[in-house]
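Listed here are the chains, written in short residue letters.
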Amino acid sequence: MRLFVGLGNPGAKYARNRHNIGFMAVDEIARRHGFAPWRRRFQGETSEGTLGTERVILLKPTTYMNDSGRSVQEAASFFKIAMGDVTVFHDELELPPGKVRVKIGGGIAGHNGLRSISAHIGNEYRRIRLGIGHPGVKELVHGHVLSDFAKADNDWVATLCEAVAEHAGLVAKGTDATFANRVHLAMQAKGFLTKDDNGKE
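Rules used in this analysis
Within any chain, residue numbers begin from 1 and follow the written order of that chain's sequence. With pLDDT at 70 or above as the cut-off, local features in this predicted model cover only qualifying residues; side-chain atom pairs require 80 or more to be listed or tallied, and sums for whole chains, interfaces and linings still use all residues. Side-chain descriptors were evaluated using all non-hydrogen atoms of the structure, hydrogens and water having been removed beforehand. Secondary structure is summarised from DSSP: a helix means a run of H or I of at least four residues, a strand means a run of E of at least two, and numbering begins at the N terminus for each. Three labels apply to residues, based on accessible area from a 1.4 Å probe with only protein chains included: buried if under 20% of the type maximum, exposed if over 50%, partly exposed otherwise in between. In what follows, residue pairs with any heavy atoms lying within 4.5 Å of each other are defined as contacts. UniProt positions are given in the numbering used here, feature names are shortened, and annotations may be inferred rather than shown by experiment. Between N or O atoms, a polar contact is any pair within 3.5 Å; within protein, one atom must be a potential hydrogen donor and the other a potential acceptor, and residues adjacent in sequence are included only when both atoms are from side chains. Here, a salt bridge means any side-chain nitrogen of Lys or Arg that lies within 4 Å of a carboxyl oxygen of Asp or Glu.

Help me out: how do you make sense of the side chain of Ser71 in this one?
One can find Ser71 in helix α2 (residues 68-79). Residue Ser71 is classed as buried on the basis of its relative accessible area of 0%. Those residues in contact with Ser71 that sit more than four places away from it in its chain are Phe42, Gln43, Gly44, Leu59, Pro61 and Thr63.

Honestly, the UniProt feature "active site" (unreviewed entry) in the chain in this entry has me stumped. Any pointers?
On the UniProt side, "active site" (unreviewed entry) is annotated at positions that read His19 here. Within the element layout of this structure, His19 appears in the loop between β1 (2-6) and α1 (21-32). Not counting residues up to four positions away in its chain, the partners in contact with His19 are Leu7, Gly8, Asn9, Met65, Asp91, His111, Val145 and Leu146. Reaching out from His19, the side chain makes a polar contact with the side chain of Asp91 at a distance of 2.8 Å.

I tried to follow the pattern of salt bridges on my own but got confused; where do I start?
Overall, the coordinates contain twelve salt bridges when judged by the stated rule. A salt bridge links Arg2 to Asp85; its shortest N-O distance comes to 3.3 Å. Here Arg2, found in strand β1, pairs with Asp85, found in the loop between α2 and β5 (86-92); they are 83 residues apart in sequence, far enough to count as distant. Take Arg2: its relative accessible area is 17%, and that puts it in the buried class. Residue classification places Asp85 among the partly exposed positions, given a relative accessible area of 25%. In this structure, the salt-bridge partner of Glu92 is Arg129, at a minimum N-O distance of 3.0 Å. With a gap of 37 residues between them, Glu92 in strand β5 and Arg129 in strand β7 (residues 126-131) connect regions that are remote in the sequence. The same class applies to Glu92 and to Arg129, which are both buried. Among the charged side chains, a salt-bridge network with shared partners connects Asp27, Arg40, Glu45 and Lys60.

Shown next as structure tokens:
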């Protein structure tokens, strides 16, 4: 069994924030693959289904970003899911908009959601880093991540979430480089990315 965690903040106020792209990605996985209706538990919302031959639990913590780890720990403990079978989808300032990288372990680059998860379950889980771009100066970061995507961003955000959902089965199988490459090619085909990059770290 796999646990796929989308990070974000709960409530309509935050729904279109850049910080919530993790929620958007797992929502699209649930929709595209016909997962069960979302239900409230583990201080979050879960939906269950299968990707290929793998059973997958989707989790959206509703604790607010900074306490995401409490929800992840509860769900992982309940289902007896090892840290290596946890995948976290999250916004990444250090990647250009629409770019995806897959990483296992490593630093958290100031991301409070990742900090909380690492504090609760350890650090060696998989991260799907979804690029949202950097505002340019550190002082603008907080406002940037907690602001809604601009209308001009809607097409690439939708394309990215659709590509992530379409190829999510590759993540469940552990073929990270292939997943990242397929998403990159899907973005490239729609004209959002040009530079070749297989996305693996």
